[in-house]
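Listed below are the residues making up each chain.
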Amino acid sequence: MATSSSSDSSMPTEVPAPYGNGPVPSVAPSAETAPKRLPKVRTHHLQQAKNEGRRFAMLTAYEQYAAEIFDEAGIEVLLVGDSASNNVFGNETSLPVTVDELLSLCRAVARSAKRALVVADLPFGSYEVSPQQAVATGVRFLKEGLAHGVKIEGGKFYAETVRAMVQAGIPVMAHIGFTPQSEHALGGYRVQGRGDDAKRLIEDATALAEAGAFCVLMEMVPADTAAAVDAAVDVPTIGIGAGNATTGQVLVWQDMAGLRGGRMAKFVKQYADIRTTLSDAARAYGDDVRSGQFPGPEHSF
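Before going into details, it helps to say that this report is about the structure given with it. (Residues numbered from 1 in each chain as written. Predicted model: local features only at pLDDT ≥ 70, side-chain atom pairs only at ≥ 80, totals over all residues. Heavy atoms only, no water.)

### Some details on the pattern of salt bridges
- For the structure on display, the rule yields 12 salt bridges.
- The salt bridge partner of D255 is R260, with a shortest N-O separation of 2.7 Å.
- Judged by relative accessible area, which is 9%, D255 ranks as buried. (Salt bridge = Lys/Arg side-chain N within 4 Å of Asp/Glu carboxyl O. Buried < 20%, exposed > 50% of the residue type's maximum accessible area, 1.4 Å probe, protein only.)

Have a look at this one:
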């Protein structure tokens, strides 16, 4: 066991290397060399972006490493979405995922993100019964899931629910347009807010913002309708398949990074092909194991 010397406190301490390759020096960085820590993103920072005509990015995250990477990359908002139902738990829709399943994922993301605002979806069946049910579920996500806010789906009907949650100290992001939890009621994945229906979305957004929602997310909404909604409310808006007039944009990270296979929605832009990279790595690893090339002498003790 290494001990520190009391005679020279300026000497670097010796700390064990991660895999037993000998000690490495550890010196605390000075104030001049230490990287500056950016402030945590809060809801009022998103409001400032709207007020000043700036934009912010949002991605889903469901576990430690994605959250850590996106946080370090400067993504302002991380959504622990009920889309974990499709992208983590293997369900066909978002409906089966439970509060307890999302709470575990939310804790992992919140513990790993040092700067980003972490928002959690309230899953289907956890808030619709009454404002009291919504408050109780929201409290669990802030206390047990360590989230900074929650998101609920639905229009102006949920204004009183939003108001009750906000009064209880729970920041709420509203989600209008296509709402996946209502997939069966809406007749499948269909664009919302076309033509005369645009008025309904404007009324929904206005009522939810007036009830205290700090942000309004719009999914699968025509760009001109989304622009009209954004102009009608003072709070920031976030789009997914809603054009580029919103303050923020969100994508499911497995779509954005090309981890998920199959046909992508029109609004998805893929910035990488992680599925191919990971497949190639797994295939090469399997070949090396079967041929006896791995582990080699350099990987053995």
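Continuing now.
### With respect to the sheet that holds strand β5 (residues 117-121)
- Pairing is parallel around the closed barrel formed by 8 strands, whose spatial order is β3-β4-β5-β6-β7-β8-β9-β10. Put simply, the sheet's adjacent strands are angled 25° from each other on average, direction ignored.
- Packed on one face of the sheet, helix α8 (residues 198-210) meets β7 (172-177) and β8 (215-219) and runs near 170° to β7. (Pairing = 2+ DSSP bridges. Helix = DSSP H or I, 4+ residues; strand = E, 2+ residues; numbered from the N terminus. Axes fitted to C-alpha atoms, helices over the stretch in contact; angles between N-to-C directions. Contact = heavy atoms within 4.5 Å.)

### Here we look at the nonpolar core
- Core analysis: the largest hydrophobic core is formed by 74 residues, its most contacted members being F70, L78, F141, M165, M173, M218 and I238.
- The leading source of residues in this core is helix α4 (residues 99-112), at 6 residues.
- Other than its neighbours up to four places away in sequence, L78 contacts L59, A61, A67, F70, V109, A113, A116, L117, V118 and V119. (Core = buried A, V, L, I, M, F, W, Y, C linked by side-chain atoms within 4.5 Å.)

### Regarding the environment of R190
- Mapping R190 onto the fold places it in the loop between α7 (183-186) and α8.
- Residues in contact with R190, not counting those within four places in the same chain, are F178 and M220.
- Here L186 takes part through its backbone oxygen, which lies 3.5 Å from a polar atom of the side chain of R190. (Polar contact = N/O pair within 3.5 Å; in protein donor to acceptor, adjacent residues only side chain to side chain.)

### Considering the packing of α8 against helix α9 (residues 223-232)
- At a minimum axis distance of 9 Å, the contact between α8 and α9 shows a crossing angle of 30°. On the basis of the axis angle, α8 is roughly parallel to α9. Relative to α9, α8 is oriented so that their crossing is right-handed. Across the interface between the two elements, A198, L201, I202, A205 and T206 of α8 pack against T225, A228, V229 and A232 of α9. (Parallel < 35°, antiparallel > 145°, perpendicular 65-115°, else oblique. Left-handed = near helix turned anticlockwise from the far one by under 90°.)

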